[in-house]
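Results of the structural survey
The lines below spell out each chain.
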Amino acid sequence: MPLTICSDEYYLRLDLQFFANDEGGEKTEEATPKKLDDARKEGQVAKSQELNTAFELIMLFVILKIFVGSISNRFVDGFKLYYGSIESYSEGLFTMNYFAAYLRSAMGQILVTLVPVLAASVFMAVAVNVFQVGWKPTAKPMEPKFDKLNPVNGFKRIFKLDKLVDLLKAVLKVGLVAYIAYTTFRDRVGLISLVYDLNLFSAVMLIGNEVINFGLKVSAVFLVVGVADYIYQKFKFAKEMRMSKQEIKDEFKQTEGDPKIKGQIRQKMREASQRRMMQKLPEADVVITNPTHLACAIKYDKEIAEAPVLIAKGADYLAEKIKETAREHFIPIVENKPLARMLYHNVEIDEEIPQELYQMTAEVLSYVYSISGKM
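Residues numbered from 1 in each chain as written. Predicted model: local features only at pLDDT ≥ 70, side-chain atom pairs only at ≥ 80, totals over all residues. Heavy atoms only, no water.

As for the pairing of strand β4 (residues 294-299)
Using the following cut-off: Working definition: with a 1.4 Å probe on protein chains only, accessible area under 20% of the residue-type maximum means buried, over 50% means exposed, and in between means partly exposed. Secondary structure is summarised from DSSP: a helix means a run of H or I of at least four residues, a strand means a run of E of at least two, and numbering begins at the N terminus for each. Here, a strand pair is defined by DSSP locating no fewer than two bridges between the strands.
Of all 6 residues that make up β4, 5 are buried, and the element is covered over most of its length. The sheet contact formed by strand β3 (residues 286-289) and β4 spans 4 bridges and is antiparallel. The residue bridging I288 from the neighbouring strand is C296, located in β4. Adjacent in sequence and paired antiparallel, β3 and β4 are bridged by 4 residues.

Structure follows, in structure tokens:
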């Protein structure tokens, strides 16, 4: 809470939150890709079951709307077949074999009628799930979790905000379905009463069309609820996945390694490389300097390499160490500022010098060989 300090002449407004320690806990940062990927592997995704239900219902009633004629024909033909078989029951022909044959026939008719409709609904369910969360199946949500058997945890879940939202959605859907049913069939009661005056096929078609139209209206309402729930689930999931700054730091250490440790490793590697370089330095033919800031040591052995090789280089303190070692081993030190800079910045240790530097290097080596008597 901001604190105001007043005096006769000055007003100073302090925000105490500024002094709060953000090291620990408040989750204010967006989730990292790693945390989202780990959550996905555990089956935690932003998904709305209401949206799935809405599209499944839409697909179901659309398929029924398209094939209502053929479905009605199958229903009427089946009804005539099995209703006409009642005479055989009264004549004593009803046996278990007879019953099993009729049951198999009836089940076959039902499957042939319903399989296309159910297949379309399953396809729509899979498609909507892929649309919401992509295609990355996991069996993690199916694994048993014994903490769910804890009655204390179960009692706590009853009073969570999610349960209240689910209750509100259920009440809203029931109310909307009841209102749609009332407004749809309020003016259709007289038409439905004409069913008794129609033949069987016409009656089935009439009832089927009325039920399908009612189902499409309910599906449209469920779609609106599903879209709203999908937006809510995305928002809720993003909020649940938020991380504190400390969690991001810890995750970075786990994935990339502790920066301090990595820095120490790099330092150890540099020290080891410098030790190897200084061990090879006595083999150099000449040390070329800046003269104060840079030092580069060159060795030329035509039996090993076709061109001179840079075996050591350094700047500032390391350059002084190279020159000190060169003096100890009586290695000539030659001042050549342009060559020293180009060797230091363009040639790595144990690499041959490039052709562009042949002429300048040859002049230095020629000078060194002339004063040392080396051919």
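The discussion continues.
Examining the layout of surface pockets
Note the threshold: Both site types are read off a 1 Å grid over the protein atoms alone. A 1.4 Å probe that fits but cannot get out defines a cavity, while an open set with protein on both sides within 12 Å along at least five of seven lines defines a pocket; lining residues have an atom within 4 Å of a point. Grid points are joined across faces, edges and corners, and a volume is the space filled by probe spheres set on the points. Each residue is assigned to one of three groups, with Ala, Val, Leu, Ile, Met, Phe, Trp, Tyr, Cys and Pro labelled nonpolar, Asp, Glu, Lys and Arg labelled charged, and all others, Gly among them, labelled polar.
Here the second largest pocket is characterised by a volume of approximately 420 Å³. As for the second largest pocket, its lining consists of 19 residues, of which I71, S72, F75, T113 and L114 are closest to the centre. At the level of elements, α2 (49-83), α4 (96-133) and α8 (200-240) are the ones that each hand at least two residues to the lining of the second largest pocket. The biggest single contributor to the lining of the second largest pocket is α2, with 10 residues. Its residues assigned to classes, the lining of the second largest pocket shows 13 nonpolar, 5 polar and 1 charged.

Notes on helix α12 (residues 337-346)
Keep this limit in mind: The directions considered for the arc are those from the helix axis to the C-beta atoms. Residues adjacent in sequence count toward polar contacts only when both atoms are side-chain atoms; beyond that, a polar contact is any pair of N or O atoms within 3.5 Å, and within protein one must be able to donate a hydrogen and the other to accept it.
Listing the buried residues of α12 in full gives L339, A340 and L343. Relative to the axis of α12, the buried residues are bounded by an arc of 100° and lie together on one face. Exposed side of α12, more than 90 degrees from the buried face: H345 and N346 are the residues found there. Backbone nitrogen of L339 and a side-chain oxygen of the N-cap are separated by 3.2 Å at the start of α12; the cap is N336.

Describing the pattern of salt bridges
Put simply, the rule is: In what follows, salt bridge is the name for a side-chain nitrogen of Lys or Arg lying within 4 Å of a carboxyl oxygen of Asp or Glu.
Applying the stated rule across the entire model yields 7 salt bridges. For K169, the salt bridge is made with E50, and the minimal N-O distance between the two is 4.0 Å. You can see K169 sitting in helix α6 (residues 161-185) and its partner E50 sitting in helix α2, a full 119 residues away along the chain. Across the pair, exposure class does not vary: K169 and E50 are buried alike.

Regarding helix α11 (residues 317-328)
What counts here: Residue count minus one, scaled by 1.5 Å, sets the expected span of a helix.
Between the first and last C-alpha of α11 there are 17 Å, a value that for 12 residues agrees with the 16 Å anticipated at 1.5 Å per step. Positioned one or two residues after α11, F330 has a phi angle of 60°, which is positive.

Quick look at a nonpolar patch on the surface
Counted only if it meets this: Nonpolar side chains (Val, Leu, Ile, Met, Phe, Trp, Tyr) are joined into patches within 5 Å and like charges within 9 Å, using only residues with over 30% relative accessible area and no salt bridge. With residues, only the protein chains shown are counted as cover, and all accessible areas are computed by Shrake-Rupley using a 1.4 Å probe.
On the surface, L103, M107, I110, L114 and L118 cluster together into a nonpolar patch covering about 450 Å² of accessible area. Here L114 shows up in helix α4. Overall, L114 belongs to the partly exposed group, its relative accessible area being 40%.

Regarding the packing of aromatic side chains
Defined as follows: Each Phe, Tyr or Trp ring, with Trp reduced to its six-membered ring, pairs with another whose centre is within 6.5 Å; inter-plane angles below 30 degrees give stacked pairs, above 60 give edge-to-face pairs, and intermediate values give tilted ones. Only lysine NZ and arginine CZ atoms are considered, and such an atom sits over a ring when it is within 6 Å of the ring centre and within 35 degrees of the ring normal.
The final tally for this structure, using the stated rule, is 0 aromatic pairs. The positively charged end of K313 is found above the aromatic ring belonging to Y344, 5.2 Å away from the centroid.

Remarks on unusual backbone geometry
One non-glycine residue with positive phi stands out, namely F330, at about 60°. Structurally, the position occupied by F330 is in the loop between α11 and β6 (333-335).

Quick word on the sheet that holds β3
By way of backbone hydrogen bonds, the strands of a sheet pair with one another, either parallel or antiparallel. Selection rule: Here, two residues are considered to be in contact whenever any of their heavy atoms come within 4.5 Å of each other. Axes here mean lines fitted to C-alpha atoms, for a helix over just the part in contact, with angles spanning 0 to 180 degrees between N-to-C directions.
Across the sheet, which stays open at both edges, the 5 strands sit in the order β6-β3-β4-β5-β7 with mixed pairing between neighbours. The sheet is open, and its two edges are formed by β6 and β7 (351-352), each paired on a single side. Bridging between β3 and β6 involves 3 bridges; their strand directions are parallel. Across the sheet, the residue bridging to T289 is E335, located in β6. In the packing of α11 onto the sheet, contacts are made with β3, β4, β5 (309-315) and β6, and the angle to β5 comes to roughly 125°. Where α12 meets the sheet, it contacts β3, β4, β5 and β6, and its direction lies at approximately 80° from that of β4.

Some points on the environment of L60
Following the sequence through the fold, L60 ends up in helix α2. In sequence terms L60 and L216 are 156 residues apart; their C-alpha atoms lie 9.1 Å from each other. Beyond its immediate chain neighbours, meaning those up to four positions away, L60 contacts V117 and S121.

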